[in-house]
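Remarks on the overall topology
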Amino acid sequence: MGYAHVYAHEIMHRGRVPMEPADFVPDWADRPRKAKFHPDAETLPLPESPESPERAAGAVRGFTLPLLSGMLRDSYGLTGRRLAVQANTDLAALPHYTHANWSRGTASGGGLYPVSVHWAAGPGGPLTPGLYHYAPHQHGLRRLLAGDVTGEVRSALGPGAGAAAAATQYLVLGVKYWQNAFKYNSFSFHAVSMDVGALVQTWRLWAARYGLRIDPVLWFDEERLARLLGVAAEEEGIFAVVPLTWDGVPGAERPGADPAPAVTSNPAPAAPPAATPNQDAAPAARHRDVERSRHVLVFETLLRIHEATAGRAADRPAPDALDAAAAFPPRGGDPLPLPAPPAPPVTTARALRERRSSFGRFDASRPLAAGPFAAALADCAATAYGTEAERPGGPPLTSLYAFVNHVEGIAPGAYAYDPAAHTLRLRVPGPPGSFLQRNYFLSNYNLEQAGAVIVPTVRTTAVLDAVGDRGYRLVGATIGAVAQTFYTTAAAFGLGAGVALGFDNISYQEELGLAGTDEAPLLIMLLGHDRPRPADFRHEIA
């Protein structure tokens, strides 16, 4: 049993046994920057996306620079300033520009956004081949290294990477731990794993409008890619590699073609891997991130879980390995049919632009309609991280439970959701409001005012047993992907939404009758109507 099992146990019990360091207090005056900073790197502005967020998009042959620009902006770019009156604890600081909160299409734990996006641009693309970093505040690309490094990425992916080995363009996702750990210390690894999944799911939702696929690769030589990005392996984890199908490059998928699965027989790469027998001569970014904080702390638990989950291409599991960790069939009372999910009234791009957290603004005087509630359940149940360890058509890893407070036509209670039959099965009858609020640690939400609280679970220990310690990153990213789907669906229907980690996981396990199983409730997702006519800041006319 690896260290990830220990970490998973501590995460589940942290509501009763605080994680070390229990007396930690963030030094907000010495916090890191909100994004990486490469002072001497050239920044290339990205073009506007050719499609308006209001306009439906059709299938295309592959990514173009405008399409990639649109996907980056709508996922991690700054799309507006948030200054509404709400119940979060940082409200008093937000009017000061140095503490401004900027909206993004992707959700992030604590609004910290620690994921760094690098583009390994190879031949056939619109830019000089090289390594680029996406700068979200400037919506531009910083060139860190000139020259084709995609062979180095392919070498890090190793044999068995399937269709990913044939790509000439890659997005590489890293997590700068200190950007989150300065606030969440040992808990931060759990949070940032979800951040990566949320970002990848945003890309998957966005790209699907154009008939494009996003299939992240999770198993690779992480140390080799850290060297390429010019980061210390213990300070920044490399969490995913996303190959891109590029327009005009041989092998790009044509409209209507069946998309290639994440794992297939290993075809010959479009270009031979770069030969790097001498690791001292391996390519590495010339420009490095400059840290703002004067004191960067090292947390032993964070260091240990990073080392335990570090990726190696040779450890890539078989595509059916996760079948042993599949979600259990839903259990409960007689099935309660749900209405068919209605079509969302707005496009995905517009929903991403309008995504936000409610932070205490739920209003129970207007019950939640059953249709949008059913749509949120169905969309979340259909969400997967989609790595090479998950075979196409394989069983899901997540189960969904719903605590119903105020939903039209559904009696209050706790239910299990059956995605195959699209029904609810009663687990605990009666209004759940007092249980929900009693087991929530923060003051920024009144959970009883939400129409419903949806809880995804994963059999965490079964995943770790099936694919090893790196599976913890898969667990977190899977839950993060579900959370992003939830937010996007809620925004598409004009509903209030909130996602929270500050609850007693074990109490939820006991309340839902999951004690003695390996089902782990890892997130709570609040859905309902916000109070009408909220006081807000009109950033678009300021």
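Okay, so let's go over this structure. Owing to the predicted nature of the structure, the values given are computational and were not obtained by experimental measurement.

Rules behind the numbers
Residues numbered from 1 in each chain as written. Predicted model: local features only at pLDDT ≥ 70, side-chain atom pairs only at ≥ 80, totals over all residues. Heavy atoms only, no water. Axes fitted to C-alpha atoms, helices over the stretch in contact; angles between N-to-C directions. Helix = DSSP H or I, 4+ residues; strand = E, 2+ residues; numbered from the N terminus. Parallel < 35°, antiparallel > 145°, perpendicular 65-115°, else oblique. Left-handed = near helix turned anticlockwise from the far one by under 90°. Contact = heavy atoms within 4.5 Å. Salt bridge = Lys/Arg side-chain N within 4 Å of Asp/Glu carboxyl O. Buried < 20%, exposed > 50% of the residue type's maximum accessible area, 1.4 Å probe, protein only. Core = buried A, V, L, I, M, F, W, Y, C linked by side-chain atoms within 4.5 Å. 1 Å grid on protein atoms, 1.4 Å probe; cavity = no way out; pocket = protein on both sides within 12 Å on 5 of 7 lines; lining within 4 Å. Points joined across faces, edges and corners; volume = space filled by probe spheres on them. Nonpolar A, V, L, I, M, F, W, Y, C, P; charged D, E, K, R; others polar. Polar contact = N/O pair within 3.5 Å; in protein donor to acceptor, adjacent residues only side chain to side chain. Expected span 1.5 Å × (residues − 1).

Considering the packing of helix α5 (residues 188–208) against helix α12 (residues 471–492)
- With their axes 6 Å apart at the nearest point, α5 and α12 run at an angle of 50° to one another. Judged by the inter-axis angle, α5 sits oblique to α12. In this structure, α5 crosses over α12, and the sense of that crossing is right-handed. Only Y472, R473, G476, A477, I479, G480, A481, Q484, T485 and T488 of α12 make contact with α5, whose side of the interface consists of F189, H190, S193, M194, G197, A198, Q201, T202 and L205.

Overview of the pattern of salt bridges
- Summed over the entire model, instances satisfying the criterion amount to 17 salt bridges.
- With its nearest N and O atoms 2.4 Å apart, the salt bridge here joins R353 to D74. In this pair, R353 is assigned in helix α8 (residues 348–354) and D74 in helix α2 (residues 65–76), connecting sequence segments 279 residues apart.
- In this structure R353 comes out as partly exposed when scored by relative accessible area, which is 33%.
- The class of D74 is buried, set by a relative accessible area of 5%.
- Between R459 and D518 there is a salt bridge whose closest N-O contact spans 2.9 Å. Of this pair, R459 sits in strand β13 (residues 452–459) while D518 sits in the loop between α13 (505–511) and β15 (519–521), placing them 59 residues apart in sequence.
- With relative accessibility at 21%, the residue D518 sits in the partly exposed group.
- By sharing partners, the salt bridges in this structure join R16, D504 and E510 into a single network.

Here's the deal with the nonpolar core
- Residues F63, W119, W203 and F373 are the most contacted members of the largest nonpolar core, which totals 111 residues.
- Core analysis: the next-biggest nonpolar cluster, separate from the first, contains 24 residues, L144, L157, Y170 and A285 among them.

Description of empty space enclosed by the protein
- Taken as a whole and assessed by the stated rule, the structure comprises three cavities of 30 Å³ or more.
- Considering only enclosed or pocket space, the largest cavity measures out at about 90 Å³ in volume.
- Secondary-structure elements contributing two or more residues to the lining of the largest cavity are β4 (115–121) and β5 (130–135).
- In terms of residue class, the lining of the largest cavity is built from eight nonpolar, three polar and three charged.

With respect to the layout of surface pockets
- Considering only enclosed or pocket space, the second largest pocket measures out at about 930 Å³ in volume.
- Lining the second largest pocket are 45 residues, and of these Q201, R204, A382, T383 and A384 sit closest to its centre.
- Residue assignment for the lining of the second largest pocket shows that the elements contributing at least two residues are α5, α8, α9 (370–381) and α12.
- The element contributing the most residues to the lining of the second largest pocket is α12, with five residues.
- A class-by-class count of the residues in the lining of the second largest pocket yields 25 nonpolar, 13 polar and seven charged.

A word on helix α6 (residues 222–229)
- For α6, a buried count of six out of eight residues is recorded, marking the element as mostly surrounded by other parts of the structure.
- Listing the buried residues of α6 in full gives E222, R224, L225, A226, L228 and L229.
- Of the residues flanking the start of α6, the one acting as N-cap is D221, its side-chain oxygen 3.3 Å from the backbone nitrogen of E223.
- Where α6 terminates, the next one or two residues include G230, which has phi positive at roughly 75°.

A look at α2
- With 12 residues, α2 extends 16 Å between its outermost C-alpha atoms, agreeing within 8% with the 16 Å of an ideal straight helix rising 1.5 Å per residue.
- In terms of burial, α2 is largely enclosed, as 10 of its 12 residues are buried.
- Along α2, the positions that sit buried rather than exposed are L65, L67, L68, S69, G70, M71, L72, D74, S75 and Y76.
- Buried positions along α2 lie against β4, β5, β7 (169–176), α5, β8 (236–244) and α8.

Brief notes about the side chain of E390
- Considering the arrangement of structural elements, one finds E390 in the loop between α9 and β10 (398–404).
- A distance of 3.1 Å separates a polar atom in the side chain of E390 from the backbone nitrogen of G386.
- A distance of 3.0 Å separates a polar side-chain atom of E390 from the backbone nitrogen of T387.
- Not counting chain neighbours up to four residues away, the residues in contact with E390 comprise P319, L322, A384, Y385, L397 and L474.

A closer look at the environment of F403
- Locating F403 in the fold gives a position in strand β10.
- In sequence terms F403 and P431 are 28 residues apart; their C-alpha atoms lie 8.4 Å from each other.
- Beyond its immediate stretch of four places on either side in the chain, F403 contacts G413, A414, P432, F435, L436, G451, A452, V453, V455, Y508, E511 and L512.

A short note on unusual backbone geometry
- Note that the residue after E20, namely P21, is joined by a cis bond; omega there is -5°.
- By the element assignment, P21 lies in the loop between α1 (3–13) and β1 (43–45).
- The phi dihedral of H139 is positive, around 45°, even though this residue is not glycine.
- In this fold, H139 is placed in the loop between β5 and β6 (140–146).
- For H139, a relative accessible area of 7% gives the class buried.
- The backbone of H422 shows a phi angle near 55°, a positive value even though the residue is not glycine.
- Here H422 shows up in the loop between β11 (413–418) and β12 (423–429).
- Judged by relative accessible area, which is 14%, H422 ranks as buried.

Quick word on the packing of α9 against α12
- Where α9 meets α12, the axes come as close as 9 Å, and the angle between the chain directions of the two elements is 150°. By the criterion of interaxial angle, the relationship of α9 to α12 is roughly antiparallel. Classified by chirality, the crossing of α12 by α9 is right-handed. For the pair formed by α9 and α12, the contact residues are A375, A376, D379 and C380 on the first element and V482, T485, F486 and T489 on the second.
- Tallied by class, residues from the contact of α9 with α12 come to five nonpolar, two polar and one charged.

Function-wise, these values are silent; they only describe arrangement.
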